[in-house]
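Remarks on the overall topology
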Amino acid sequence: MKQFFKQNHKTDNSIRQMLRKRKSPMLITGIVMTSIVLLFVLIGLIVTPYDSEAMDATSKLAGVSWKHLMGCDNFGRDILSRVMKGSATTLFIAMGTVLIGIAFGIVIGAIAGYFGGLADEVLMRMNDAALAFPSILLALVLISLFGTGRYNIILALGIAFVPSFARIVRSEFIKQREMDYIRQAELIGVHPFRIMFVHMLPNSARVLVSSLLIGFNNAVLAEAGLSFLGIGVQPPDASLGRMLSEAQAYLFSRPGYALCVGGTLIFIVLGFSFLGEGISEDAKG
Amino acid sequence: MKKKSSKIILLMLLSMTIALTGCSGDKAEENSSTITVGIPQDIEDSLDPHKAVAAGTKEVLFNVYEGLVKPDSVGNLNPAIASEYSVSEDGKTYTFKLREGVKFHDGTLLGADDVKYSIERCMDDGSGTALVEAYTNIESVTVPDKTTVVIQLKEEDTEFLAYMTTAIIPASNKTPDTVPIGTGPYRYISRSPQENIVMERFDEYWGEAAQIQNVVFKVIANADTITMNLKGGAVDMYPRVTSAQAAELGDEFTIEEGTMNLVQALYLNHNTEVFQDVRVRQALCYAIDPQEIMQFVSDGKGVEIGSSMFPTFEKYFMKELNDVYNQDLEKAKELLAEAGYPDGFSFTITVPSNYQQHVDTAQILAEEFKQIGVTAQIELIEWDSWLSDVYTDRNYESTVIGVDATSLTARALLERFTSDASGNFVLYRNADYDKAFENAMNATDESEKIKYYKECETILANDAANVYIQDLPQLVAVNKKFAGYEFYPVYVQDISKMYLVEK
């Protein structure tokens, strides 16, 4: 343990500085909430109280009890188990979406921001065109092309998320483009791609991390929205949006069903929001 | 901070969409002689009564069109456009006397020519195919005088009268698919695609006039919102709620109970490689337990069926076929191993998402198939896509759906499975079946006919043509403002018998 800290002191980067500073309460709340979510999901991947798809006629729409902490749905499936599995599905899709979005966003944004000129014009006008569509609508169109199912949603949402990331990366690169260290690197004759991805990208990390977390939240909500509309995850697979849609029919007799699922969704989104907000606030000062 | 507040707004919007679903729709209609009936699907196929194929379309058009005879709620065929009819001794000549003063919705009087036109239209739609298969047996339709129509058959057909329910449309209407004109108690007013179909009482109806002035059939494509729509007042009646939804509605609604008169089954596309082996199909039949499905979908209501026949057709229904396959997982696994699938296989069940009962059933089936190592993926599709991809193009592996009888005959249910029937959407081909069906067609004696029909049913069951499940219970949720709902042995919604309850 001691050694670990020592090593850490030797290195000098912005993230370490950030960690050493007094953390804002928002950041701490975010870290705690996100850890709970991740723990919850990780446990769910290994073991759930019940098989999330096992049906049981005797406990159809059963209420909250010690046996079923969140009750059962209309097939007698344990809601807690399904929320655990569903959160995992939702997070998995959100993560895939953000990865696709940020990977392509970085490439497009970097080229546009670094080279400028014609490349910038062409890429950014295309980007603007894509941004003109609300991302959910764009995802709907893509899903009608690819079909439903969890991998297709990742692809559709991922593509829909590229433009916003590309824009952020571009503006960050334009800012750094004029800095001395880049000028010097260029004079020495460093290859442009090395400058872009080895020099500039790590220095944009802070902005990227917080926009990544916000993007992640949007992806969680987008997946939930699509599945709620019935074009996302297909039954009997659980996802938070899919479960909300199913819970809708029992909103009056079993409000707990929708509340448990909706509450989990809110908790996840809020946790990541605090985390992102906390990081950017701490970075400012 | 700005980012956070936008996040919170997003969250609030999300929760509001849930809360507001219940508030949508036109509440507190002052003109209360309007009834809004929720239907699961839009009339996508055609407004033309002769060309419509979907049961959901025909149940709506029942209010607009009538035939020479009309079925009633207990299964009798009553004279409608015809006031009386007679059948010759040899059973080949049907003479219909037309009712006087029957008017079409456009105000013109119905004449014998319109009847001749409608029947001949169904004999041959212009491309050589008969719209009503039974009409290929018609030799000629003649009009000896203005109020008489004589139909001459090639062969005797004891079930022929049941096919005289075919809608009579005016010969002058060249576009029945966009301008529906019939003689029924309600007159078509307008249709907004994916939204609604509006009808108005036809005041010059020949029979007892309907009581409710306006009817709006409102399309509810998302089954999850049915209870919201009913409780929020956006619809007054929904003809098919699940028992869980019914329990949700509370005491503002009457729940009428009947049966849907549908053959609900997992229909298998026989062109799919794996389903060509009878042992695989039988294994699926052994894997399921219809009682368990009914327990989940409708609290145990519903009637188990073992072939393409439902109990309302008492004469033909064979209860014993329910026991051809009783759940036996070991046997199912053995059959799969014999067929060369010891580790199971996987296939897709395509289900129209607007029918909650079918979606639920598919989920239970998938769970039951898991026990024999078979993986079923569920694909929810919209009704329009179901109609085009599954029913018309036959581009699917299996589907859960309910098949109705278009007329009060066994033929209506069984003809579908003959090798070259146009409605054979499962592409079932079996020479024995074709032979048995042909025998039934040729039989002139009632008991002989029943015998051959039963043979057909038995073949379908033994050959495991489809995985038969149940005749679904029909739970009709009606707002207590209205009453008078009647169940029919065919799949229709008769609004003309309904009335407003005085308060």
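The structure displayed is predicted, hence computed values, not measured ones.

**Regarding the sheet that holds strand 5 (residues 93-98) of chain B**
Whether parallel or antiparallel, the strands of a sheet pair through hydrogen bonds between backbone atoms. Residues and elements named next belong to chain B. On the basis of which strands lie adjacent, the open sheet formed by four strands has the order 4-5-7-6 and antiparallel pairing. Strands at the two margins of the open sheet, each flanked by one partner only, are strand 4 (82-87) and strand 6 (138-145). On average, each strand axis in the sheet is tilted by 20° relative to the strand beside it, whichever way the strands run. Strand direction decides the pairing type here: strand 4 and strand 5, joined by five bridges, are antiparallel. Paired with Glu84 across the two strands is Lys97, which belongs to strand 5. Where helix 3 (residues 112-123) meets the sheet, it contacts strand 5, strand 6 and strand 7 (148-153), and its direction lies at approximately 170° from that of strand 6.

**Some points on the pairing of strand 18 (residues 467-471) of chain B**
Residue and element names in this part refer to chain B. Among the five residues of strand 18, five are classified as buried, and the element is accordingly described as predominantly covered. Strand direction decides the pairing type here: strand 13 (residues 262-268) and strand 18, joined by three bridges, are antiparallel. Residue pairing across strands places Gln264 opposite Gln470, the latter belonging to strand 18. Inspection of the sheet shows strand 14 (residues 303-304) paired to strand 18 by two bridges, in the antiparallel sense. Bridging across to strand 18, Glu304 finds its partner in Gln470.

**Comments concerning the interface of chain A and chain B**
On the side of chain B, 28 residues touch chain A, which itself brings 36 residues to the contact. Together, the buried faces of chain A and chain B total about 3200 Å²; carbon and sulfur atoms form 62% of this surface. The interface formed by chain A and chain B holds one salt bridge in total. Note that Glu53(A) is salt-bridged to Lys370(B), the shortest N-O span being 2.4 Å. Counting every contact that joins chain A to chain B gives six residue pairs in polar contact (both at pLDDT 80 or more). Of all the secondary-structure elements, those providing two or more residues to the side of chain A that touches chain B are helix 10 (205-228), helix 11 (240-247) and helix 12 (255-284) of chain A. The element contributing the most residues to the side of chain A that touches chain B is helix 12 of chain A, with seven residues. Here the side of chain A that touches chain B is composed, by residue class, of 19 nonpolar, 10 polar and seven charged.

**As for the domain arrangement of chain B**
All names here are of chain B. Domain boundaries in chain B define domain 1 (34-63 + 184-259 + 477-500), domain 2 (69-165) and domain 3 (263-471). Computed over C-alpha atoms, the centres of domain 2 and domain 3 are 33 Å apart. The interface of domain 2 with domain 3 comprises 12 residues on the first partner and 12 residues on the second. Buried surface at the junction of domain 2 and domain 3, both sides included, amounts to about 1000 Å², of which 50% is carbon and sulfur.

**Thoughts on the confidence of the model for chain B**
Of all residues in chain B, 93% attain a pLDDT of 70 or more, and the chain-wide mean is 85. Two summary scores accompany this predicted model of the complex, namely pTM at 0.77 and ipTM at 0.71.

**Section: empty space enclosed by the protein**
Tallied over the entire structure, the rule returns seven cavities of 30 Å³ or more. Taken as a whole, the largest cavity holds about 140 Å³ of empty space. Lining of the largest cavity is provided by 15 residues; of these, Cys285(B), Ile305(B), Gly306(B), Tyr325(B) and Tyr468(B) occupy positions nearest its centre. A breakdown of the residues in the lining of the largest cavity according to their chemical character gives 11 nonpolar, three polar and one charged. Of the pockets and cavities examined, the second largest cavity occupies roughly 80 Å³. Surrounding the second largest cavity, Asn74(A), Phe75(A), Arg242(A), Glu246(A), Ala249(A), Tyr250(A), Asp224(B), Gln245(B), Gln356(B), Asp360(B) and Gln363(B) form its lining. Counting residues per element, the ones that place at least two in the lining of the second largest cavity are helix 11 of chain A together with helix 9 (356-370) of chain B. With three residues, helix 9 of chain B is the single largest residue contributor to the lining of the second largest cavity. Considering only residue class, the lining of the second largest cavity consists of three nonpolar, four polar and four charged.

Criteria and cut-off values
- Residues numbered from 1 in each chain as written.
- Chains lettered and ligands numbered in written order.
- Predicted model: local features only at pLDDT ≥ 70, side-chain atom pairs only at ≥ 80, totals over all residues.
- Heavy atoms only, no water.
- Pairing = 2+ DSSP bridges.
- Helix = DSSP H or I, 4+ residues; strand = E, 2+ residues; numbered from the N terminus.
- Axes fitted to C-alpha atoms, helices over the stretch in contact; angles between N-to-C directions.
- Contact = heavy atoms within 4.5 Å.
- Buried < 20%, exposed > 50% of the residue type's maximum accessible area, 1.4 Å probe, protein only.
- Buried area = accessible area lost by both parts, 1.4 Å probe.
- Salt bridge = Lys/Arg side-chain N within 4 Å of Asp/Glu carboxyl O.
- Polar contact = N/O pair within 3.5 Å; in protein donor to acceptor, adjacent residues only side chain to side chain.
- Nonpolar A, V, L, I, M, F, W, Y, C, P; charged D, E, K, R; others polar.
- Domains from an automatic or database assignment.
- pLDDT = per-residue confidence, 0-100.
- 1 Å grid on protein atoms, 1.4 Å probe; cavity = no way out; pocket = protein on both sides within 12 Å on 5 of 7 lines; lining within 4 Å.
- Points joined across faces, edges and corners; volume = space filled by probe spheres on them.

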